[in-house]
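# Fold and geometry: a report
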Amino acid sequence: MAGKKNACIAIVHHGCAKNLVDTELMAGALQEKGYKITLDPYEAGVEFVVINTCSFIYDAERESVSSIFDMISAGKKVIITGCLPQKHGEELKALIPEAVGFIGTSDIEKIVELIEGAKKNDGKNAGGADFLVSKNPVCKYPENLDRLQITVGSSSYIKIAEGCDYACGYCVIPKLRGPYVSRPMEAIIKEAKTLADKGVSEIILIAQDTSSYGIDLCKKPMLAKLLEELNKIENLSWIRVLYTYPTNFNDELINAIANLDKVVKYVDIPLQHSHPEILKAMRRPVIDVLAFIKKLRKNIKGVCIRTTLITGYPTEQEEYFDHLFNFVKSAKFDRLGVFEFSKEKSTYAYSLKPQIPARVKKARKNKILKLQKEISNKINESLVGQEISCIVEQVRDDGTAILRSYKDAPDVDGLVYVKTAEILVPGDIWDVKITGYSDYDLFGEI
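Model, not experiment: these values are computed from the prediction.

## As for the state of the cysteines
- Counted under the stated rule, the structure contains 0 disulfides.
- With no disulfide of its own, Cys83 lies 5.7 Å from the sulfur of Cys54, the closest cysteine sulfur.
- You can call Cys83 buried: its relative accessible area is 5%.
- Note on Cys164: no disulfide assigned, nearest cysteine sulfur contributed by Cys168 at a separation of 6.4 Å.

## Overview of a positive patch on the surface
- Taken together, the side chains of Lys329, Lys332, Lys367 and Lys378 define a basic patch exposed on the protein surface.
- Tracing the backbone shows Lys367 in helix H14 (residues 358-383).
- A relative accessible area of 41% means that Lys367 is categorised as partly exposed.

## A short note on the packing of helix H12 (residues 289-299) against helix H13 (residues 318-331)
- At their nearest, the axes of H12 and H13 sit 11 Å apart, and the two run at 15° to each other. For the element pair H12 / H13, the angle class is roughly parallel. The two elements H12 and H13 cross, and the hand of that crossing is right-handed. Taken together, the residues of H13 that come into contact with H12 (itself represented by Val289, Leu290, Ile293 and Arg297) are Phe327, Ser330 and Ala331.
- Split into classes, the residues belonging to the contact of H12 with H13 amount to 5 nonpolar, 1 polar and 1 charged.

## Describing the pattern of salt bridges
- A full pass over the atoms with the stated rule returns 30 salt bridges.
- Where Lys93 meets Asp130, a salt bridge forms, and the shortest distance between an N and an O atom there is 3.6 Å. Here Lys93 is found in helix H4 (residues 90-95), whereas its partner Asp130 is found in the loop between helix H5 (111-120) and strand S6 (131-132), with 37 residues between them in sequence. Across the pair, Asp130 and Lys93 agree in class, each one buried.
- Note that Glu202 is salt-bridged to Arg404, the shortest N-O span being 2.7 Å. In this pair, Glu202 sits in strand S10 (residues 202-206) while Arg404 sits in strand S16 (residues 400-405), placing the two residues 202 residues apart along the sequence.

## Remarks on the environment of Pro410
- Within the secondary structure, Pro410 sits in the loop between S16 and strand S17 (416-419).
- Pro410 sits in the buried class, given a relative accessible area of 14%.
- When the C-alpha positions of Pro410 and Tyr42 are compared, they lie 27 Å apart, and in sequence the two are 368 residues distant.
- Leave out the neighbours within four places in its chain, and Pro410 touches Ser155, Tyr157, Glu202, Ile204 and Arg404.

## A look at the side chain of Thr311
- With respect to the helices and strands, the residue Thr311 is situated in strand S13 (residues 304-311).
- Apart from residues no more than four positions distant in its own chain, Thr311 is found in contact with Glu316, Phe321, Leu324, Val338, Phe339, Glu340, Phe341, Lys361, Arg364, Lys365 and Ile368.

## Looking at the pairing of strand S4 (residues 77-82)
- Summarising burial for S4: 5 of the 6 residues are buried, a large majority.
- Here 6 bridges tie strand S3 (residues 46-53) to S4, and the two strands are oriented parallel to one another. Within the sheet, the bridge partner assigned to Asn52 lies in S4 and is Thr81.
- One crossover worth recording links S3 to the parallel S4 by way of helix H2 (residues 58-73), and it is right-handed.
- One ladder, built from 3 bridges, connects S4 with strand S5 (residues 101-103); its direction is parallel. Bridge assignment links Ile79 to a residue of S5, and that residue is Gly101.

Cut-offs used in this document
Residues numbered from 1 in each chain as written. Predicted model: local features only at pLDDT ≥ 70, side-chain atom pairs only at ≥ 80, totals over all residues. Heavy atoms only, no water. Disulfide = S-S within 2.5 Å. Buried < 20%, exposed > 50% of the residue type's maximum accessible area, 1.4 Å probe, protein only. Patch = residues over 30% accessible without salt bridge, like charges linked within 9 Å, V, L, I, M, F, W, Y side chains within 5 Å. Areas by Shrake-Rupley, 256 points an atom, 1.4 Å probe, with all protein chains shown as cover. Salt bridge = Lys/Arg side-chain N within 4 Å of Asp/Glu carboxyl O. Lys, Arg positive; Asp, Glu negative; His and termini not counted. Charge placed at Lys NZ, Arg CZ, Asp CG, Glu CD. Helix = DSSP H or I, 4+ residues; strand = E, 2+ residues; numbered from the N terminus. Axes fitted to C-alpha atoms, helices over the stretch in contact; angles between N-to-C directions. Parallel < 35°, antiparallel > 145°, perpendicular 65-115°, else oblique. Left-handed = near helix turned anticlockwise from the far one by under 90°. Contact = heavy atoms within 4.5 Å. Nonpolar A, V, L, I, M, F, W, Y, C, P; charged D, E, K, R; others polar. Pairing = 2+ DSSP bridges. Right-handed = clockwise from strand over helix to strand, strands pointing away.

Limitation: the analysis is restricted to geometry and does not speak to function.
Right, dumping it as structure tokens:
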């Protein structure tokens, strides 16, 4: 990745897949201008370190802050981008005067401008040119930028929309990312074709809420239509959808997932809770979730359903938690993530009372995770003897191949470990006969 200029810029990424795409866009913009990009901030010749931060919950924010101070302590010229400066604004600039620049969530295109200014001024204040954070962000995908992929593998994320129009009681994202803005369908298809031509086997569609895709453009959800068009790309193997929302998960979308051959039968629908009173307090839709899950399983053969839940949300009485526990027991989710409620300023839930003690939040989370481990073991046991479609991730020197089934999204779900005499190539799709299992992973043979 050598460029026309001597300056070397390190990229440090924090946060979700949506943030990862932003990081790759900034890296692409810098490489286009001739900078050398590295993922190692300690590499010789690194002049600036761009740290793309996450501020979704307290733990993520703390991790980003720790990274910032590590780089400052190492004597690096640090540029802080993304959610942290968007959330804290000028306050962050005052708290971290050592940083040479700040960029907000809707200003990532300005990364080159900021670095050029910082080079001219040796990192000193350039009359506001070092603080490029819009007070009222409206995030529009910068279609003029080409991403520089910093992840290596058979899969790649495609962001299909920015922002969010919902106002969930615990979530700060609408304030950090602004209103929902869908990308034009032709731009998404073009990017998918480009990735497929580069050898990417699986594309993963992401947004704060993928099931609302197209509402702002066409006055109705268009995710099903987008999937139909993406399914036509010849040298693409899998299409996966993450982060759907109950409200717009309509029959058209169910049919698209069920019938399009390249769309993996995987439904990721973060439900957060089951009790109507907690859902109301969360400002989320109250639906008959068990009936919805039954409908998905009836209409999508072999569907894998993933959700995330929050324990210890303010006002969560013991009986409400019991409802959630029994719901998990009945639903038998294939994949489940559980988070303790994180109190975030500028959200409805921040001042909602009563707040739940930390020890209770943790105990409730652990109780559900223990139940889910039992459920996962039973599901995995039932798969022994079956053949499951898997994508090759890597092959170790000892001959063990690591694959990922259609039931598993990268980084958040399980893996399939295979011993085989076959020559496996990352990105290839194989049917694996399952021969064993652990709590969350599978073992098989080809």
